[in-house]
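What follows is each chain in one-letter form.
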Amino acid sequence: MWALCLVELQKVRHDRTELLTRAIQPALWLLVFGVTFTRIHAIPTGDLPYLDYLAPGILAQSALFIAIFYGIQIIWERDAGVLAKLLVTPAPRVALVTGKAFAAGVRAVIQGVVILLLSAVLGVSLTANPLRIGAAFVVLVLGAGFFSCLSIVIAGLVLSRERVMGIGQALTMPLFFASNALYPVALMPAWLQAVNRVNPLGYEVDALRGLLLGTPAHLGLDVAVLVVALAVGVTVAAALLPRLTR
């Protein structure tokens, strides 16, 4: 698992422009959507400025967008013969999938640092407590790990790079809009609130908001849901991994 994380860090080190290009979309959400809606007060968020409310949601969104296409990387490794070589090593399949999941978490944390710095520049009232910031990064890793496993599961089912890309694109925005990243749960219609209750992204955003802004949150429940979701995702993805090499 540690070796796969090191490989991911080496990829980032050799292609640092990827961090800048991936930061463009979150920056636009904060600079355009966040600043505009803060001025017009279109979405009620109580005493919390809308830009502050939005920042943790964009943090979770960036991790989602990084992780949901990890299945494409698995298929590329299959086509290059790397996956077959990994599967014949003594490492358990669960360890291989977990390593991939935490590699996605590494990328999410690096991206998260950029977004937090941008949020601080824009005046978002983030906590200065290093323990809370560290806990937020742990939550980010759990969320990214689950969604990367979901992507690997999709890859194991459809076995095609194009299909993984299409399904990933079809899932990202519904997951994002069916969470509390952009607006409070109380503003959602009843059916969307029901979807949010089974959407891991909603629990991730709730935890990030509580840790970074100090708003009321169900941290115990949020972390428990993310841990269980990650465990299920790793188990299912590990079971489907050999299917990619047939």
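Residues numbered from 1 in each chain as written. Predicted model: local features only at pLDDT ≥ 70, side-chain atom pairs only at ≥ 80, totals over all residues. Heavy atoms only, no water.

### Observations concerning the overall build of the chain
If you tally the helices and strands in the chain, you get eleven helices and zero strands. Walking the chain from its N terminus toward its C terminus, one meets helices and strands in the order α-α-α-α-α-α-α-α-α-α-α. What you see for the chain is a C-alpha radius of gyration of 18 Å, in line with the 18 Å of a compact globule of 246 residues. Viewed in the frame of its principal axes, the chain has a C-alpha envelope of about 55 × 40 × 30 Å. Within the chain, buried positions represent 49% of all 246 residues. Long-range pairs, those at least 24 residues apart, make up 79% of the contacts in the chain with a sequence separation of at least 6. When the accessible area of the chain is evaluated, it comes to approximately 11500 Å², of which 70% is carbon and sulfur surface. For the chain, the centre of its 17 positive side-chain charges and the centre of its 11 negative side-chain charges are spaced 8 Å apart. (Helix = DSSP H or I, 4+ residues; strand = E, 2+ residues; numbered from the N terminus. Rg over C-alpha atoms; globule rule 2.2 N^0.38 Å. Buried < 20%, exposed > 50% of the residue type's maximum accessible area, 1.4 Å probe, protein only. Contact = heavy atoms within 4.5 Å. Areas by Shrake-Rupley, 256 points an atom, 1.4 Å probe, with all protein chains shown as cover. Lys, Arg positive; Asp, Glu negative; His and termini not counted. Charge placed at Lys NZ, Arg CZ, Asp CG, Glu CD.)

### Focus: the nonpolar core
Membership of the largest hydrophobic core comes to 69 residues, with the highest contact counts inside it found for Val 97, Phe 147 and Leu 241. Looking at this core, the elements that each hand over two or more residues are α2 (17–40), α3 (50–67), α4 (70–79), α6 (93–121), α7 (130–158), α8 (161–177), α10 (200–213) and α11 (219–240). Ranked by residues supplied to this core, first place goes to α7 with 14 residues. Val 97 has contacts with Cys 149, Ile 152, Val 234, Ala 237, Ala 238 and Leu 241, leaving out every residue within four places of it along the chain. (Core = buried A, V, L, I, M, F, W, Y, C linked by side-chain atoms within 4.5 Å.)

### Some words on the environment of Leu 241
Among the structural elements, Leu 241 can be located in the segment after α11. Once the C-alpha coordinates of Leu 241 and Leu 116 are considered, the two residues, 125 residues apart in sequence, prove to be 35 Å apart.

### Thoughts on α10
If you check α10, its first and last C-alpha atoms are 20 Å apart, about what 14 residues at 1.5 Å a residue would give, namely 20 Å. Of all 14 residues making up α10, 14 are buried, and the element is well covered by its neighbours. Among the residues trailing α10, Gly 214 stands out with phi positive, at a value near 80 degrees. (Expected span 1.5 Å × (residues − 1).)

### Observations regarding the side chain of Ser 119
If you trace the backbone, Ser 119 turns up in helix α6. Overall, Ser 119 belongs to the buried group, its relative accessible area being 1%. For Ser 119, the residues in contact, after removing those within four places along its chain, are Leu 30, Ala 55, Val 124 and Leu 126.

### A few points about the pattern of salt bridges
This structure, assessed with the given rule, holds three salt bridges. Its salt-bridge partner being Lys 100, residue Glu 77 comes within 2.4 Å of it at the nearest N-O pair. Taken as a pair, Glu 77 in helix α4 and Lys 100 in helix α6 lie far apart in primary sequence, 23 residues in all. Arg 161 is the salt-bridge partner of Asp 79, the closest N and O atoms lying 2.5 Å from each other. Pair noted here: Asp 79 is in helix α4 and Arg 161 is in helix α8, with a separation of 82 residues, a long-range link. Judged by its relative accessible area of 34%, Arg 161 falls in the partly exposed class. Connected through salt bridges with shared partners, the residues Arg 78, Asp 79 and Arg 161 form a single ionic network. (Salt bridge = Lys/Arg side-chain N within 4 Å of Asp/Glu carboxyl O.)

### Digging into the packing of aromatic side chains
The full count for this structure, using the stated rule, is eight aromatic pairs. Taken together, a centroid distance of 6.0 Å and an interplanar angle of 40 degrees make the contact between Phe 37 and Tyr 50 tilted. Pair noted here: Phe 37 is in helix α2 and Tyr 50 is in helix α3, with a separation of 13 residues, a long-range link. Residue Tyr 50 is classed as buried on the basis of its relative accessible area of 3%. Consider the rings of Tyr 50 and Tyr 53, whose centres lie 6.2 Å apart with planes at 20 degrees: the pair is stacked. Of the two residues, Tyr 50 and Tyr 53 both sit in helix α3, three residues apart, roughly one turn of that helix. Each member of the pair, Tyr 50 as well as Tyr 53, is classed as buried. In textbook terms, an aromatic cluster arises when at least three aromatic residues are bridged by ring pairs, as seen for Trp 29, Phe 33, Phe 37, Tyr 50, Tyr 53, Phe 176 and Phe 177. Positioned over the ring face of Tyr 53 is Arg 209, at 3.6 Å from the centre of the ring. (Phe/Tyr/Trp six-rings, centres within 6.5 Å; stacked < 30°, edge-to-face > 60°. Lys NZ or Arg CZ within 6 Å of the ring centre and 35° of its normal.)

Functional significance is not addressed by these values, which are geometric in nature.
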